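In case you want the letters, here they are:
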Amino acid sequence: MFTILTLFILVIGFTGHTQEPLVHKKKIFRGENNRLYINKDLPVYIRVAASPDDSAESWLLFSETSQKFTNPMYLDAEGWNSLRSPSAVDTVTKKLVMPVQDIVFELYTDGIAPVTQLRYTGAQSFSAPGKKFFGREQRIELTVRDENSGVDKTYFSLNKKPWSVYDSAIHIKDEGEYEFKYYTVDNVGNAETIKSDKFQLDLTPPVSSHRVEGLTQKNVLSKNATILLQSEDNLSGVNKIYYSIDDGSFVSYTRPIPVSLFRDGEAKLSYYAVDNVGNKEETKSIGAFSSSQFASGDANNPVFDFYIDRLPPEVSIEVMGDKFEATNLVYISERSQLKLNSTDDKSGVQAVYYSYNNFLTREEYSGPFAPLLKGNIRFSYNAIDYVDNASQAKTQNLFLDHTIPVTQIKFEGPRFINRDTLFISSKTKVVLDAKDTGSGIKYIHYSLNEEGKNVFSGPFSLENQGIHSIHYYAADNVNNTETKKSQVVYADNDPPVIHFHFSVEQIGEKTLRDETFSIYPSNAKLYIAATDNLSGGEKLEYSLNGAARRNLIPIEKLVPGNYEVEIFAGDALGNSSSRLVKFAIEK
């Protein structure tokens, strides 16, 4: 028969010798269905009684024919044996039962000890030469097999402690080396030979660490750096090291980890080790952390802040002084200086280089400087950091503008030059026109009569009568400024003054429709003229009684009648005036 005990109950202690089994008396055992089992080594005596009571009088049965082998008698067959009577008698009628049959009394002998099997469950195991290791949650289970009378008790001893009765799986909680001995006794006292096994309980995880190769500038790693992981375990040994990059999935560590696998800037490496019985180390992390994330002195989370500098420095050009930005081109002046600004937030800037109009020649930048060339300059620059990350060369097209603008003054509209004097009127537009072969005109400034400073934005006129001085100059977009120029002009906005007189005196007056007319004789001539104080007269005409204009002077050969003469005068600048003369001619 088989007996399997797997209940998880605390064991019960028994005292006894730790190297030898306890003394177990050989005995008779009545089992299920009233089967009677007897240890095969025990003698057998048969007694008969006339009553089933245990206290009834009984007589020892002697054999006449087999006296030599009885009292005591020994049973030789393992297991089933029998005592027989050749004829069965009915218990009621007391008559022979037909057909004739035997009465059989079964008796079971048991001379074979149980067989106990040891099984470890619940924990990961690992075997090394001469050693056996188990991890957490290890349980020892004993399974017993017995063919006849059945199992009475199973005993075990741990590290030579007193024997204890096994009735459930054994859970050992403390790390260490153990020797486990065990055996089983059946119900008739057959004791199994002591068995033993040795093992070691490993509850301590490995201890891992990292090492960086290629740390070149403080805690900044170059693009060629690698991180090495190593782990130690004093018991079952290290099985594997696992690592995770930037919070990704954990993978098995087999070779140094290139930093090229990490993201730029704030990288993170997490790692842990597992030993051969499944003890897992607490995850450790290194990377671009703030030290405040970890408790100071926490051995499980040592702080090692590092940065991976895979990016080259940032470099830019700055024009100090005069500059003007156009499409794909920056104009500068001879007064300008070039400044190269470079930053690197990891390892730092080691050097900045520049060249112009020649990529093969590189100069190391040490401070602001003025370019040596004029005109178009193809200026290139880059920088390198302390872990040899070099930025791509940038190019800036420059134009060193050293030319000065040239401004001309122009007059659009009425103008007149008399000897060295330029006359203009309020209708004349003053235009300032500046030219520049470099960065272009930034502004034109002018002033009138050396008062104030105006920005020229379009043609303007001089409204005030008299002489004026116009001062003007231009500047280009990089502040190259022209020497101030001047122009004197005379603004003549007054028309000519018209004069007239008759060649004879008037001979009378008359009134017609409330209007008085001077009367002149028929031989009278009318003389007209105009005077102008500045630019002078250019045109004098008249219209006689609304007829077409004429310029024939004097006006003569007038026939008797009433006359209206409209006189028109204009100067050289187009300033004009008119005057109406009314008179009459009589004989």
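Scroll up to find the structure.
Structural notes, computed from the coordinates. Just so we're clear, the structure is a prediction, and the values are computed from it rather than from any experiment.

## Concerning the sheet that holds strand E4 (residues 36-39)
In step 1: Read across the open sheet, the four strands follow the order E3-E4-E8-E7; overall the sheet is mixed. For this open sheet the edge positions go to strand E3 (28-30) and strand E7 (79-85), each flanked by a neighbour on one side alone. Direction aside, the axes of adjacent strands within the sheet are offset by 30° on average.
In step 2: Two strands pair when backbone bridges link them, and E7 and strand E8 (residues 103-110) are joined in this way by seven bridges, in the antiparallel orientation. Counted as the bridge partner of Ser-82 is Glu-106 from E8.

## A few points about the pairing of strand E32 (residues 375-385)
In step 1: Buried residues dominate E32, accounting for eight of its eleven residues.
In step 2: Looking at chain direction, strand E30 (residues 349-356) and E32 are connected through seven bridges and run antiparallel. Bridging from a neighbouring strand, Val-352 pairs with Ala-383 of E32.

## Re the environment of Gly-348
In step 1: Relative to the assigned elements, Gly-348 resides in the loop between strand E29 (337-343) and E30.
In step 2: Since its relative accessible area comes to 15%, Gly-348 is described here as buried.
In step 3: Filtering out sequence-adjacent residues up to four positions away, Gly-348 remains in contact with Asp-385 and Tyr-386.

## Things to note about the side chain of Ser-425
In step 1: Summarising the element assignment, Ser-425 is placed in the loop between strand E36 (421-424) and strand E37 (429-435).
In step 2: For Ser-425, a relative accessible area of 0% puts it in the buried group.
In step 3: Those residues in contact with Ser-425 that lie beyond four places of it in its chain are Pro-414, Leu-462, Asp-492, Asn-493, Leu-573 and Asn-575.

## Re the nonpolar core
Nonpolar side chains in soluble globular proteins generally cluster together in the buried interior.
In step 1: Formed by 20 residues in total, the largest nonpolar core has its most connected members in Leu-221, Ile-227, Leu-229, Tyr-243, Ile-257, Phe-262 and Leu-269.
In step 2: Within the residue set of this core, elements represented by two or more residues are strand E19 (220-232), strand E20 (238-245) and strand E23 (268-275).
In step 3: Per-element tally for this core: the top contributor is E19, with five residues.

## Digging into the sheet that holds strand E35 (residues 415-418)
In step 1: Taken in spatial order, the six strands line up as E35-E36-E41-E40-E38-E39 in an open sheet, and their pairing is mixed. Of all the strands in the sheet, the pair left with one neighbour each is E35 and strand E39 (451-455). Adjacent strand axes in the sheet meet at a mean angle of 30° when their direction is disregarded.
In step 2: Taken together, the seven bridges between strand E38 (residues 441-448) and strand E40 (residues 466-476) define a ladder with antiparallel strand orientation. Bridging across to E40, His-445 finds its partner in Tyr-473.

## Description of the pattern of salt bridges
In step 1: Under the counting rule described, the total for this entry stands at 25 salt bridges.
In step 2: Where Lys-374 meets Glu-334, a salt bridge forms, and the shortest distance between an N and an O atom there is 3.2 Å. Residue Lys-374 is found in the loop between strand E31 (363-364) and E32, and its partner Glu-334 is found in the loop between strand E28 (329-332) and E29; the two are separated by 40 residues along the sequence.
In step 3: Given the relative accessible area of 45%, Glu-334 is considered partly exposed.
In step 4: A salt bridge links Lys-582 to Glu-515; its shortest N-O distance comes to 2.5 Å. Remark: Glu-515 occurs in strand E44 (residues 515-521) and Lys-582 occurs in strand E48 (residues 576-586); sequence separation between them is 67 residues.
In step 5: Its relative accessible area of 29% is what places Lys-582 among the partly exposed residues.
In step 6: Using a relative accessible area of 29% as the deciding quantity, one classes Glu-515 as partly exposed.
In step 7: Connected through salt bridges with shared partners, the residues Lys-27, Asp-152 and Lys-153 form a single ionic network.

## Section: the packing of aromatic side chains
In step 1: According to the stated counting rule, one finds 32 aromatic pairs in the structure shown.
In step 2: Chaining the aromatic ring pairs together yields one cluster made of Tyr-354, Tyr-356, Tyr-365, Phe-369, Phe-379 and Tyr-381.
In step 3: Across from the ring centre of Tyr-272, 4.4 Å away, lies the NZ or CZ of Lys-280, which sits over that ring.
In step 4: Looking at Arg-549, its charged tip hangs above the ring of Phe-568, at a distance of 3.2 Å from the centre.

## Observations concerning the environment of Ser-336
In step 1: Checked against the element boundaries, Ser-336 lands in the loop between E28 and E29.
In step 2: Here the alpha-carbon distance between Ser-336 and Ala-370, two residues 34 residues apart in the chain, equals 6.2 Å.
In step 3: Those residues in contact with Ser-336 that lie beyond four places of it in its chain are Val-319, Met-320, Gly-321, Asp-322, Ala-370 and Pro-371.
In step 4: A polar contact is formed between the side chain of Ser-336 and the backbone oxygen of Asp-322, at a distance of 2.5 Å.
In step 5: Within polar-contact distance, the side chain of Ser-336 engages the backbone nitrogen of Ser-333 at 3.0 Å.

## Observations regarding unusual backbone geometry
In step 1: Along the chain, Asn-71 connects to Pro-72 via a cis peptide bond; the corresponding omega equals 5°.
In step 2: Its location among the elements puts Pro-72 in the loop between strand E6 (58-60) and E7.
In step 3: With an omega of 0°, the peptide bond running from Ile-553 to Pro-554 counts as cis.
In step 4: Note on placement: Pro-554 falls in the loop between strand E46 (537-544) and strand E47 (561-571).
In step 5: In this structure, Asn-34 takes a positive phi of about 65° despite not being glycine.
In step 6: The exposure class assigned to Asn-34 is exposed, which follows from its relative accessible area of 57%.
In step 7: Positive phi, normally seen in glycine, also occurs at Asp-246, with a value near 55°.
In step 8: In this structure, Asp-246 sits in the loop between E20 and strand E21 (251-252).

## Description of the side chain of Asn-81
In step 1: Structurally, Asn-81 can be placed in strand E7.
In step 2: Look past the residues within four positions of Asn-81 in its chain and what remains in contact with it is Leu-75, Asp-76, Phe-105, Glu-106, Leu-107 and Thr-109.

Criteria and cut-off values
- Residues numbered from 1 in each chain as written.
- Predicted model: local features only at pLDDT ≥ 70, side-chain atom pairs only at ≥ 80, totals over all residues.
- Heavy atoms only, no water.
- Pairing = 2+ DSSP bridges.
- Helix = DSSP H or I, 4+ residues; strand = E, 2+ residues; numbered from the N terminus.
- Axes fitted to C-alpha atoms, helices over the stretch in contact; angles between N-to-C directions.
- Buried < 20%, exposed > 50% of the residue type's maximum accessible area, 1.4 Å probe, protein only.
- Contact = heavy atoms within 4.5 Å.
- Core = buried A, V, L, I, M, F, W, Y, C linked by side-chain atoms within 4.5 Å.
- Salt bridge = Lys/Arg side-chain N within 4 Å of Asp/Glu carboxyl O.
- Phe/Tyr/Trp six-rings, centres within 6.5 Å; stacked < 30°, edge-to-face > 60°.
- Lys NZ or Arg CZ within 6 Å of the ring centre and 35° of its normal.
- Polar contact = N/O pair within 3.5 Å; in protein donor to acceptor, adjacent residues only side chain to side chain.

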